[in-house]
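# Working through the structure, step by step
Here is how the chains run, residue by residue.
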Amino acid sequence: MSKLLTDLIEALRCLPGVGGKSAQRMAFHLLERDRERGLRLAQALDEAMRQIGNCSRCRNFSETPVCTLCASPGRDRQVLCVVESPTELAAIEQATGYRGQYFVLLGRLSPLDGLGPQELGLDLLAERLGEGEIEEMIIATNPTVEGEATAHYLAQLARAANVKPTRLAHGVPLGGELEYVDRGTLAHAFGSRQSVD
Ligand SMILES: [Zn+2]
């Protein structure tokens with residue numbers, strides 16, 4: 001196989017879920033019948049990789065120093081939702097009517113992987129909390145061991161700045177039956193039960 005083709009297949013394998021066979025199929029497909037779109041893909045990739053950085057306020061992807069969401073005058077400045085990744089920010093934006101601000105950790109506390117408060121931008125977060133505008137900080141880290149540890153740390157950070165920390169309820173899925181919910185989820189839902197008005 002030609003060197004360029006081998007290089008292309010190898011490069012495509014960096015995508016999540018793409019193994020050798022799929023990468024080869026993609027490469028052949030583009031070369032055989034879609035060169036124009038292949039070139040467009042290459043250009044879009046090149047531009048995105050070079051020009052998309054991180055917002056200086058929320059750390060979400062942005063090609064401007066401050067992202068459109070942070071710059072939007074229509075967003076509630078009293079509420080800040082902290083998520084682990086841009087994927088989760090997008091999910092919350094699409095699924096809920098949330099109109100507040102965000103902060104993206106780009107990871108979770110994981111000392112073994114070298115991810116500490118510094119890497120998660122927690123100094124930047126503390127600075128934002130210290131501005132005095134934010135009243136509630138919604139902690140939306142994942143319900144994993146590391147996510148929970150991160151949540152605990154974040155809650156302390158909020159309290160130190162006189163900001164009320166809240167957490168997403170992790171519970172029984174809508175329409176689910178207790179019998180079929182996994183133990184961890186059930187234990188969490190039980191532990192974070194709420195009073196009924
Ligand atoms: Zn931003």
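Higher on the page you've got the structure.
Residues numbered from 1 in each chain as written. Predicted model: local features only at pLDDT ≥ 70, side-chain atom pairs only at ≥ 80, totals over all residues. Heavy atoms only, no water.

### Some words on the pattern of salt bridges
Counted by the stated rule, this structure contains eight salt bridges. For the salt bridge of Arg33 with Glu32, the shortest nitrogen-to-oxygen distance reads 3.7 Å. On the basis of relative accessible area, Arg33 is assigned to the exposed category, the value being 62%. For Glu32, a relative accessible area of 57% puts it in the exposed group. For Asp34, the salt bridge identified is with Arg37, shortest N-O distance 3.3 Å. (Salt bridge = Lys/Arg side-chain N within 4 Å of Asp/Glu carboxyl O. Buried < 20%, exposed > 50% of the residue type's maximum accessible area, 1.4 Å probe, protein only.)

### A short note on the coordination of the zinc ion
Cys55 (SG), Cys58 (SG), Cys67 (SG) and Cys70 (SG) make up the full set of protein donors to the zinc ion, lying at 2.3 Å. Its four donor atoms give the zinc ion angles of 106 to 115° at the centre, a pattern that matches the tetrahedral case. Donor residues for the zinc ion, ordered by position in the chain, follow C-x2-C-x8-C-x2-C. The exposure classification of Cys58 matches that of Cys67, with both residues buried. (Donors = N, O, S within 2.8 Å, 3.2 Å for Na, K, Ca; no water. Tetrahedral: all angles 85-135°; square planar, octahedral: opposite > 155°, others 65-115°.)

### Considering the sheet that holds strand β5 (residues 136-139)
Strands sit in the order β4-β3-β5-β6 across an open sheet of four strands; the sheet is parallel. The outermost strands of the open sheet, each flanked by one partner alone, are β4 (101-104) and β6 (164-167). The mean inter-strand angle of the sheet, taken between neighbouring strand axes irrespective of direction, is 25°. Alignment of strand β3 (residues 79-83) against β4, held across four bridges, turns out to be parallel. If you follow Leu80 over to β4, its bridge partner there is Gln101. Where helix α5 (residues 86-95) meets the sheet, its contacts fall on β3 and β4, and the angle it forms with β4 comes to roughly 155°. (Pairing = 2+ DSSP bridges. Helix = DSSP H or I, 4+ residues; strand = E, 2+ residues; numbered from the N terminus. Axes fitted to C-alpha atoms, helices over the stretch in contact; angles between N-to-C directions. Contact = heavy atoms within 4.5 Å.)

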